[in-house]
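Remarks on the overall topology
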Amino acid sequence: MTIKTEIREGGPATSRSASRRSHGEAPFRFLSTGAGVLLLGIMAAIAVFLIGEAIPALRADKGNFLTELTWDPNSSQVFGIGALAFGTVLSSALALVIAMPIAVGVALFISHYAPRRLAGPLGYLIDLLAAVPSVIYGLWGVAFLVPLLREPSQWLNDTFGWFPLFAGEGAIGGKTMLAGGIVLAIMILPIIAAISREVFLQVPKMNEEAALALGATRWEMIRMAVLPFGRPGVISAAMLGLGRAMGETIAVALIFPATFGISFQILTPQGNSIAANIANGFGEAGDIGRGALIASGLVLFIITLLVNMAARMIINRRKELMKADT
Amino acid sequence: MSKQIQVSGLDAYYGSHKAIEDVSMTIEPRSITAFIGPSGCGKSTFLRTLNRMHEVIPGARVEGKVLLDGDDLYGGNVEPVSVRRMIGMVFQRPNPFPTMSIYDNVAAGLRLNGRISKSRLDDTVEESLKGANLWNEVKDRLSKPGAGLSGGQQQRLCIARAIAVKPQVLLMDEPCSALDPISTLAIEDLMAKLKDDYTIVIVTHNMQQAARVSDRTAFFNLAEQGKPGKVIEMDETSRMFTNPSHKATEDYITGRFG
């Protein structure tokens, strides 16, 4: 900050417009700097609080926090993040796999296929999906989707049971990873579709025309000009969606049966996630239990941070690419 | 590999706005035809009706006939896609695909026509880049992005991309307006060479360019802003620039308006 002042004093500060400009400058700079510092302060306070609460619990842990599957901080004090982290990542990845093709398809339809009269309302409708409270999605999942999925799950298991994801003996269907994944997919669909649509609309007209003038059909034009141009944006949209899916709490807390195990079988009734476990366990947790849940929250925070950083990196690389274009 | 275009009674619309009215002309094969005229007179619009790129814009439509060696491009069972494969186009601003390498840019149109062997693809890419006078400058960096070339090189890359699919006609919409004089000269030399194989139509704002490169010139004008553009006259370029038969042509060419 001192350097800036020096420059201003050294510069030609004689003209009237310069002095007038600097008149409003000080309070504004104070306000914006203050807001920035405050934000950093709040972040730091949260981090200090979380770490401070988590450390005693982690000290008391009789298992290995990173690999242990069980979660019993209140009595035996053996607990670990293994099963929860696995459930979080698997359910979110499943949601992403389901949501991506639909979201990109919807975005392409809105940006390049739909007549303008239809494109507007459709885009609005997709955005509206994001406005539905997550508890509604959870209730819908439990009351409607879970019974609905029973027969298709049985069929998948009978037909493709050799495939690890669809394997499983005994009970098939019910509160499964698949049900959770589908609900999460619907929840992250709006953000992925909205960002992808924006990216697809930004494709320069001249690139699209270049493809069309070569005799490309509309789909070929999309493959030649739109998708390659939009790829980094779509990837970062997917990362943002993934981050949301991992942090989602109440919907998955309602659907997942809170089991503690590592299994890729998405058709059998099992599943849990870090966020769901916190929502389920915070009420009756003791001191160590609370600290343990907070520690699990820290792990979730780190995972989502990594995902977001990856997204950021991709966006930045794209910016450099754009610079090379001009 | 070069065909004649015959246009009769062509009107082009943007929604309810009529952009050009009653254009009729014959464009001869193996020659360069230039369209000149003030901005907004519809010459670019007319150019885009020749390969059905006009209708890409929502609400745009065309009435009238465009015959390519006698076949109506606007016939009932003619696909715009197949028209554009026969009639290539080069745009005002160089528009190589930004995510593709130099090689892939040239190969883009060829790959649309289905599977093609690697060796034939290599040959055609080399031949097209040589045809566009670009081969010597890029042969060592074919896998580098096309967007990394200079503006003039990019435009020649776009020409290579257009001629790679062996079109009958090459349409050029102010191909040099974004280029410096040296690059412009390179493109003009290239046009003179391409004329041996293709029917070339060029829209230009540069009167000297029209006089330098073209065999025939058409002058477009509009009565006033908002009225549709029309062809005022079309003739041998040498006669248009020395002894035009319309006052408006003479005024435009001598720089008294436009």
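On a predicted model such as this, the values are computed, not experimentally measured, just so you know. (Residues numbered from 1 in each chain as written. Chains lettered and ligands numbered in written order. Predicted model: local features only at pLDDT ≥ 70, side-chain atom pairs only at ≥ 80, totals over all residues. Heavy atoms only, no water.)

Glancing now at the pairing of strand β4 (residues 60–68) of chain B. Sheet analysis places strand β1 (residues 5–14) of chain B next to β4 of chain B, joined by 8 bridges and oriented antiparallel. Bridge pairing links Gln6 of chain B to Leu67 of chain B in β4 of chain B. (Pairing = 2+ DSSP bridges. Helix = DSSP H or I, 4+ residues; strand = E, 2+ residues; numbered from the N terminus.)

With that settled, consider the domain arrangement of chain A. Residue and element names in this part refer to chain A. Once the domains are mapped, chain A shows domain 1 (2–60) and domain 2 (71–325). On a C-alpha basis, the centroid separation for the pair domain 1 and domain 2 is 36 Å. Listed per partner, the contact involves 9 residues of domain 1 and 9 residues of domain 2. For the domain 1 and domain 2 pair, buried surface summed over both sides reaches about 730 Å², with 78% attributable to carbon and sulfur atoms. On inspection of domain 1 and its partner domain 2, the count reaches 1 salt bridge. (Domains from an automatic or database assignment. Contact = heavy atoms within 4.5 Å. Buried area = accessible area lost by both parts, 1.4 Å probe. Salt bridge = Lys/Arg side-chain N within 4 Å of Asp/Glu carboxyl O.)

What follows covers the interface of chain A and chain B. In this complex, chain A contributes 19 residues to the contact, which on the side of chain B involves 24 residues. Here chain A and chain B share an interface that buries about 1900 Å² over both sides, 65% of which is from carbon and sulfur atoms. The interface formed by chain A and chain B holds 2 salt bridges in total. Remark: the boundary between chain A and chain B carries 4 residue pairs in polar contact (both at pLDDT 80 or more). Broken down by element, the side of chain A that touches chain B gets its largest block of residues, 7 residues, from helix α7 (residues 205–213) of chain A. A breakdown of the residues in the side of chain A that touches chain B according to their chemical character gives 12 nonpolar, 3 polar and 4 charged. (Polar contact = N/O pair within 3.5 Å; in protein donor to acceptor, adjacent residues only side chain to side chain. Nonpolar A, V, L, I, M, F, W, Y, C, P; charged D, E, K, R; others polar.)

This paragraph deals with the UniProt feature "transmembrane region" (unreviewed entry) in chain A. Residues and elements named next belong to chain A. The sites that UniProt annotates as "transmembrane region" (unreviewed entry) are residues 30–58, 78–110, 122–146, 177–196, 249–268 and 288–311. A helix fraction of 88% and a strand fraction of 6% characterise residues 78–110, whose end C-alpha atoms lie 51 Å from each other. Across residues 288–311 one finds 100% helix and 0% strand; the C-alpha atoms that close the span lie 35 Å apart. (UniProt positions renumbered as here; feature names shortened; annotations may be inferred.)

For the rest of this paragraph, the subject is the confidence of the model for chain A. Close reading of the predicted structure is inappropriate where its pLDDT is low. Residues and elements named next belong to chain A. On average, residues of chain A carry a pLDDT of 86, and 90% of them reach 70 or more. Element-level pLDDT for chain A is lowest in helix α1 (residues 2–10), with a mean of 42, against a maximum mean of 94 in helix α3 (residues 82–113). Predicted confidence is poor over residues 1–15, with pLDDT under 50, and the contacts of this stretch with residues over four places away or in other chains come to 5 contacts. (pLDDT = per-residue confidence, 0-100.)

Mapped onto the elements, Arg48 of chain B comes out in helix α1 (residues 43–49). The class for Arg48 of chain B is buried, based on a relative accessible area of 9%. In contact with Arg48 of chain B, not counting residues within four places along its chain, are Glu209 of chain A together with Met53, His54, Ile57, Met89 and Phe91 of chain B. (Buried < 20%, exposed > 50% of the residue type's maximum accessible area, 1.4 Å probe, protein only.)

Residues and elements named next belong to chain B. The phi dihedral of Lys166 is positive, around 55 degrees, even though this residue is not glycine. Mapped onto the fold, Lys166 is located in the loop between α6 (151–164) and β7 (169–173). You can call Lys166 partly exposed: its relative accessible area is 38%. Of note, Glu174 is a non-glycine position whose phi angle comes to about 45 degrees, a positive value.

Regular strands place side chains that alternate from one sheet face to the opposite one. Residue and element names in this part refer to chain B. With respect to burial, strand β9 (residues 216–222) is a largely interior element, 6 of its 7 residues being buried. Where strand β3 (residues 32–36) lies against β9, 4 bridges are found, and the strand directions are parallel. Its bridge partner lying in β9, Ala34 is registered against Thr217. In the sheet, β9 pairs with strand β10 (residues 229–236) via 7 bridges, with the strands oriented antiparallel. Opposite Leu222, over in β10, you have Gly229 as the bridge partner. The hairpin formed by β9 and β10 contains 6 residues between the paired strands, and Gly226 there has a positive phi angle of roughly 95 degrees.

Glancing now at the packing of helix α4 (residues 118–131) of chain B against α6 of chain B. Residues and elements named next belong to chain B. In contact at an axis separation of 8 Å, α4 and α6 are set at 130 degrees when each is read in the N-to-C sense. In terms of their interaxial angle, α4 and α6 are classed as oblique. Remark: the crossing between α4 and α6 carries right-handed chirality. Counting all contacts with α4, which are made through Thr124, Ser128, Leu129 and Gly131, the residues of α6 involved are Leu157, Ala160, Ile163 and Ala164. The residue makeup of the contact of α4 with α6, split by class, is 5 nonpolar, 3 polar and no charged. (Axes fitted to C-alpha atoms, helices over the stretch in contact; angles between N-to-C directions. Parallel < 35°, antiparallel > 145°, perpendicular 65-115°, else oblique. Left-handed = near helix turned anticlockwise from the far one by under 90°.)

Now for α7 of chain A. Residue and element names in this part refer to chain A. The buried fraction of α7 is high, at 7 of 9 residues. Looking at α7, one finds that the buried residues are Asn207, Glu208, Glu209, Ala210, Ala211, Leu212 and Ala213. Just downstream of α7, Gly215 is the residue with a positive phi angle, here 95 degrees.

Quick look at the UniProt feature "domain: ABC transporter" (unreviewed entry) in chain B now. Look at the UniProt record and you will see "domain: ABC transporter" (unreviewed entry) annotated at residues 5–247 of chain B. In the segment residues 5–247 of chain B, helix accounts for 35% and strand for 27%; the C-alpha atoms at its two ends are 28 Å apart.

Residues and elements named next belong to chain A. Secondary-structure assignment places Ser273 in the loop between α9 (250–255) and α10 (274–281). Within the structure, the side chain of Ser273 is placed 3.1 Å from the backbone nitrogen of Ala276, a separation counted as a polar contact. Beyond its immediate sequence surroundings of up to four residues, Ser273 is in contact with Leu84, Thr88, Val252 and Phe256.

Mapped onto the present numbering, the UniProt feature "domain: ABC transmembrane type-1" (unreviewed entry) falls at residues 85–311 of chain A. Annotation note: span residues 85–311 of chain A, helix share 76%, strand share 0%, distance between end C-alpha atoms 20 Å.

This part is about the nonpolar core. Met224 of chain A together with Met25, Phe35, Phe46 and Phe97 of chain B are the most contacted members of the largest nonpolar core, which totals 117 residues. At 15 residues, the largest contribution of residues to this core is made by α3 of chain A. When sequence neighbours within four positions are dropped, the list of residues in contact with Met224 of chain A reads Ala211, Leu214 and Ala216 of chain A together with Phe97, Met100, Ala108, Gly109 and Leu112 of chain B. One finds Tyr103, Leu129, Ala132 and Tyr198 of chain B within the second-largest nonpolar core, a separate group that totals 43 residues. (Core = buried A, V, L, I, M, F, W, Y, C linked by side-chain atoms within 4.5 Å.)

Within the structure shown, the criterion is met by 12 aromatic pairs over all chains. Summarising the aromatic geometry, the rings of Trp162 of chain A and Phe163 of chain A are spaced 6.0 Å apart at their centres and angled 75 degrees between planes, so their arrangement reads as edge-to-face. Its relative accessible area of 33% is what places Phe163 of chain A among the partly exposed residues. On the numbers, 5.4 Å between centres and 55 degrees between planes, the contact of Phe163 of chain A with Phe166 of chain A is tilted. The exposure class of Phe166 of chain A is buried, given its relative accessible area of 18%. One aromatic cluster is present, formed by Trp155, Phe160, Trp162, Phe163 and Phe166 of chain A through successive ring pairs. In this structure, Arg61 of chain B packs its charged tip against the face of Tyr13 of chain B, placed 4.1 Å from the ring centre. Positioned above the aromatic ring of Phe97 of chain B is the side chain of Arg161 of chain B, whose terminal nitrogen or guanidinium carbon lies 4.8 Å from the ring centre. (Phe/Tyr/Trp six-rings, centres within 6.5 Å; stacked < 30°, edge-to-face > 60°. Lys NZ or Arg CZ within 6 Å of the ring centre and 35° of its normal.)

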